[in-house]
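Listed below, chain by chain, are the residues.
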Amino acid sequence: MIDYAGFKLFRDITPQGPVHILLIPKVRDGLTGLSKTEERHIDILGRLLYTAKLVAKQEGLDDSFRNVINDGRQGCQSVYHIHVHLIGGRQMNWPPG
């Protein structure tokens, strides 16, 4: 686990690519999932995506990576604290699953 600019970063225990990092904001402010966002969460969400871009660059994923936010039971959310999966280092496929 790494502390980085207001976020906790973890390498995923079941990675979906050579790089698979979870970015979790330290400040929760009631934000358990994307469907629960309110206007007051705009700053958290913006910083979350921008930080994902910075971490991707540090990981050598200069301009090719995927950010995933699972939301709710049918969206396969298993941790009810907003977070981003940063995945890269291989060709991604579509549809994702």
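Just so we're clear, the structure is a prediction, and the values are computed from it rather than from any experiment. Every chain begins its residue count from 1, and numbering advances along the sequence as written. Totals for whole chains, interfaces and linings use all residues, but because this is a predicted model, local features are given only for residues with pLDDT of at least 70 and pairs of side-chain atoms are given and counted only at 80 or more. Excluding hydrogens and water, the side-chain figures rest on all heavy atoms present in the structure.

Participant: Tell me about the overall build of the protein chain, and name the residues and values.
Facilitator: Note on conventions: DSSP H or I runs of at least 4 residues are helices, E runs of at least 2 residues are strands, and numbering of each starts at the N terminus. Check the secondary structure of the protein chain and you find one helix and five strands. Taken from the N to the C terminus, the helices and strands of the protein chain come in the order β-β-β-α-β-β. Expressed as lengths along the three principal axes of its C-alpha atoms, the size of the protein chain is roughly 35 × 30 × 20 Å. Residue contacts follow a heavy-atom distance rule, with two residues in contact if any of their heavy atoms lie within 4.5 Å. Within the protein chain, counting contacts between residues at least 6 apart in sequence, those at least 24 apart form 52% of the total. Computed by Shrake-Rupley with a 1.4 Å probe, the accessible areas treat only the displayed protein chains as cover when residues are assessed. With the model as given, the accessible surface of the protein chain reaches about 6300 Å², and the carbon-plus-sulfur share is 54%.

Participant: With reference to specific residues and values, describe the side chain of His-83.
Facilitator: Take His-83: it is sitting in the loop between β4 (65–68) and β5 (84–88). At a separation of 2.7 Å, a polar atom in the side chain of His-83 contacts the main-chain carbonyl oxygen of His-81. Polar contacts involving the side chain of His-83 include one to the side chain of His-85, which spans 3.4 Å. Setting aside residues up to four positions removed in sequence, His-83 forms contacts with Leu-22, Leu-23, Ile-24, Val-68 and Ile-69. Polar contact is defined as a pair of N or O atoms within 3.5 Å, subject to the rule that within protein one atom must be able to donate a hydrogen and the other to accept it, and that residues adjacent in sequence are counted only when both atoms are side-chain atoms.

Participant: Break down the sheet that holds strand β3 (residues 19–25) for me, with residues and values.
Facilitator: Here a strand pair is declared whenever DSSP counts at least two bridges between the two strands. With antiparallel pairing, five strands are arranged side by side in an open sheet as β1-β2-β3-β5-β4. Of all the strands in the sheet, the pair left with one neighbour each is β1 (2–4) and β4. Pairs of neighbouring strands in the sheet enclose a mean axial angle of 25 degrees, with direction left out of account. Note: β3 against β5, five bridges, orientation antiparallel. What sits directly across from Ile-21, in β5, is Leu-86. Each axis is a line fitted through C-alpha atoms, and for a helix only the stretch in contact is used; angles between axes span 0 to 180 degrees, taken between their N-to-C directions.

Participant: Give a description of the pairing of β5 that names residues and reports values.
Facilitator: Looking along a regular strand, one sees the side chains alternate between the two faces of the sheet. When a residue's accessible area, from a 1.4 Å probe over protein chains only, is under 20% of the maximum for its type it is buried; when over 50% it is exposed; and in between it is partly exposed. Extensive coverage of β5 is indicated by the burial of five of its five residues. Of the two faces of β5, both are covered, the one formed by Val-84, Leu-86 and Gly-88 as well as the one formed by His-85 and Ile-87. With four bridges joining them, β4 and β5 adopt antiparallel strand pairing. Bridged to Arg-66 within β5 is Ile-87.

Participant: If you had to explain the pattern of salt bridges to someone new, which residues and values would you point to?
Facilitator: Salt bridge, as used here, is a side-chain nitrogen of Lys or Arg placed within 4 Å of a carboxyl oxygen of Asp or Glu. Summed over all chains, the structure comprises five salt bridges. The salt bridge partner of Arg-40 is Glu-38, with a shortest N-O separation of 2.4 Å. Residue Arg-40 is classed as partly exposed on the basis of its relative accessible area of 46%. The residue Asp-62 makes a salt bridge to Lys-57 at a minimum N-O spacing of 3.9 Å.

Participant: Run through the confidence of the model for the protein chain, naming residues and quoting values.
Facilitator: A score from 0 to 100, pLDDT tells how confident the predictor is in each residue. Averaged over all residues, the pLDDT of the protein chain is 92; the fraction at 70 or higher stands at 98%. No element of the protein chain has a lower mean pLDDT than β1, which averages 74, and none a higher one than β5, which averages 97.

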